[in-house]
Amino acid sequence: MGIDHFYIYDHAPSNETTLHKTLQYYLKKNLITIIPWHIDRWSRFKHHPTNWITHQIWSQNDCIRRYGHLHSWLLISDVDEYV
């Protein structure tokens, strides 16, 4: 068993993120997909410290809807979680 692909939801504004530059090697090998996830721009949902869970739930549900049918298993984790 192994990992075939990573889907990374990037909540940072595009002018502040370095993900594409940092992960360029893996992008070229088609091992990761970066999804810009700027909720406040398309839903008028303003980020507030108490609303972080809503951001997370929406991005997780989006990942399942977009990519769930492509895989037998999905591990959904936050970058600060330990597996």
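All values derive from a computational prediction rather than experimental measurement.

On to helix α4 (residues 52-67), then. Between its first and last C-alpha, α4 extends 22 Å over 16 residues, near the 22 Å set by a 1.5 Å rise per residue. Within α4 the residues assigned to the buried category are His55, Gln56, Ser59, Asp62, Cys63 and Tyr67. Down the axis of α4, the buried side of the element spans an arc of 130°, and every buried residue falls inside it.

Turning our eyes to something else, we now look at the packing of aromatic side chains. One pass over the structure, following the stated rule, counts 3 aromatic pairs. On the basis of an interplanar angle of 75° and a centroid distance of 5.2 Å, the ring pair of Tyr9 and Trp37 is categorised as edge-to-face. Here the residue Tyr9 occupies a position in strand β1 (residues 6-10), and Trp37 occupies one in the loop between β2 (32-36) and α3 (39-43), the gap between them amounting to 28 residues. Grouping residues by exposure puts Tyr9 and Trp37 together as buried. Relative to Tyr26, the ring of Tyr25 lies with its centre 5.1 Å away and its plane at 85°, an arrangement referred to as edge-to-face.

Residues Tyr7, Tyr9, Ile35, Trp37, Cys63 and Tyr67 constitute the largest nonpolar core, which totals 6 residues. For this core, the secondary structure elements donating two or more residues are β1 and α4. Dropping the residues within four chain positions of it, Cys63 is found in contact with Tyr7, Tyr9, Gly68 and Leu74.

Our focus in this paragraph is the pattern of salt bridges. Applying the stated criterion across every chain yields a total of 2 salt bridges. The residue Arg65 makes a salt bridge to Asp62 at a minimum N-O spacing of 2.8 Å. Of the two residues, Arg65 and Asp62 both sit in helix α4, 3 residues apart, roughly one turn of that helix. A relative accessible area of 60% means that Arg65 is categorised as exposed. Overall, Asp62 belongs to the buried group, its relative accessible area being 8%.

What follows covers the confidence of the model for the protein chain. Per-residue confidence for the protein chain averages 81 on the pLDDT scale, and 80% of its residues sit at or above 70. When pLDDT is averaged over each helix and strand of the protein chain, the minimum, 57, is found for α3 and the maximum, 94, for helix α2 (residues 24-28).

To continue, consider a nonpolar patch on the surface. A cluster of nonpolar residues, Trp52, Ile53, Ile57 and Trp58, forms a patch on the protein surface that exposes about 380 Å² of accessible area. Relative to the elements of secondary structure, Trp52 occurs in helix α4. Trp52 gets classed as partly exposed once you look at its relative accessible area, which sits at 47%.

Cut-offs used in this document
Residues numbered from 1 in each chain as written. Predicted model: local features only at pLDDT ≥ 70, side-chain atom pairs only at ≥ 80, totals over all residues. Heavy atoms only, no water. Helix = DSSP H or I, 4+ residues; strand = E, 2+ residues; numbered from the N terminus. Expected span 1.5 Å × (residues − 1). Buried < 20%, exposed > 50% of the residue type's maximum accessible area, 1.4 Å probe, protein only. Arc of directions from axis to C-beta. Phe/Tyr/Trp six-rings, centres within 6.5 Å; stacked < 30°, edge-to-face > 60°. Core = buried A, V, L, I, M, F, W, Y, C linked by side-chain atoms within 4.5 Å. Contact = heavy atoms within 4.5 Å. Salt bridge = Lys/Arg side-chain N within 4 Å of Asp/Glu carboxyl O. pLDDT = per-residue confidence, 0-100. Patch = residues over 30% accessible without salt bridge, like charges linked within 9 Å, V, L, I, M, F, W, Y side chains within 5 Å. Areas by Shrake-Rupley, 256 points an atom, 1.4 Å probe, with all protein chains shown as cover.

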